[in-house]
Amino acid sequence: SIDFNSFNKLEKLNQLFLDLNAITELKGKAFPNIGYLDIVDLDNNQIQYLSPKYFDNVQIAKLYLNDNKLKLIEENVFFNMHSLLDLNLEKNQI
């Protein structure tokens, strides 16, 4: 897992590529205080579960979750993601 507070002070961050990192879970509010990200690439990891709290304080335009082990996506996970234009969930277990 990753402590996403590591990215809090990166005010100009607009793309986050974390593919191929064997990430198994996101914790808490995964992207606190970032605001907006054009791309979040979490492809080819081991993520099994998505909760609405992970994306609570961030707007993401393109979210890639291909080739994970997603078995459960909680209701309303993407409800407040008004900027979401591209969502890819291919090759998961859902």
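In this text the structure is predicted, and so the values were computed from the model without any measurement. (Residues numbered from 1 in each chain as written. Predicted model: local features only at pLDDT ≥ 70, side-chain atom pairs only at ≥ 80, totals over all residues. Heavy atoms only, no water.)

Asks: What am I meant to see in the pairing of strand β2 (residues 35–41) here?
Replies: The two faces of a sheet get side chains in turn, since along a regular strand they alternate between them. By the bridge criterion, 3 bridges tie strand β1 (residues 15–17) to β2 in an arrangement that is parallel. Paired with Leu-16 across the bridge in β2 is Val-40. (Pairing = 2+ DSSP bridges. Helix = DSSP H or I, 4+ residues; strand = E, 2+ residues; numbered from the N terminus.)

Asks: Sorry if this is basic, but what is going on with the environment of Lys-71 here?
Replies: Residue position: Lys-71 is located in the loop between β4 (58–64) and β5 (72–73). Separated by 23 residues in sequence, Lys-71 and Gln-48 have C-alpha atoms that sit 5.4 Å apart. Those residues in contact with Lys-71 that sit more than four places away from it in its chain are Gln-48, Gln-93 and Ile-94. (Contact = heavy atoms within 4.5 Å.)

Asks: Can you help me understand unusual backbone geometry in this one?
Replies: In the Ramachandran plot, Asn-44 falls in the positive-phi region, its phi being about 55° despite a non-glycine side chain. Within the fold, Asn-44 resides in the loop between β2 and β3 (49–50). The exposure class of Asn-44 is partly exposed, given its relative accessible area of 31%. With a phi angle near 70°, Asn-76 is a residue other than glycine that sits in the positive phi range. (Buried < 20%, exposed > 50% of the residue type's maximum accessible area, 1.4 Å probe, protein only.)

Asks: When you look at the sheet that holds β1 in this model, what are you seeing that I'm missing?
Replies: The strands that make up a sheet pair up through hydrogen bonds in the backbone, lying either parallel or antiparallel. The 4 strands lie next to each other as β1-β2-β4-β6, forming an open sheet whose pairing is parallel. On the outer flanks of this sheet lie β1 and β6 (86–88), each paired with one strand and no other. Strand-to-strand, the axes of this sheet are offset by a mean angle of 30°, without reference to chain direction. (Axes fitted to C-alpha atoms, helices over the stretch in contact; angles between N-to-C directions.)

Asks: Just to check I follow, could you spell out the nonpolar core for this structure?
Replies: Here is a general trend for soluble globular proteins: nonpolar side chains tend to be buried in one another's company. With 22 residues, the main nonpolar core has Leu-26, Phe-31, Leu-42, Ile-47, Leu-50, Phe-55 and Ile-60 as its most contacted residues. For this core, the secondary-structure elements that each account for two or more residues are β2 and β4. In terms of residue count, the dominant contributor to this core is β4 (3 residues). (Core = buried A, V, L, I, M, F, W, Y, C linked by side-chain atoms within 4.5 Å.)

Asks: Explain the pairing of β4 here, please?
Replies: For β4, the tally of buried residues reaches 5 of 7 residues, placing the bulk of the element in the interior. One ladder, built from 3 bridges, connects β4 with β6; its direction is parallel. Opposite Leu-63, over in β6, you have Leu-87 as the bridge partner.

Asks: Would you take a moment to explain the side chain of Asp-41 for this structure?
Replies: Assignment of secondary structure puts Asp-41 in strand β2. Here Asp-41 is buried and forms no salt bridge, its nearest opposite-charge partner Lys-62 lying at an N-O distance of 11 Å. (Lys, Arg positive; Asp, Glu negative; His and termini not counted. Salt bridge = Lys/Arg side-chain N within 4 Å of Asp/Glu carboxyl O.)

Fair warning: the whole summary comes from geometry, so function is off the table for now.
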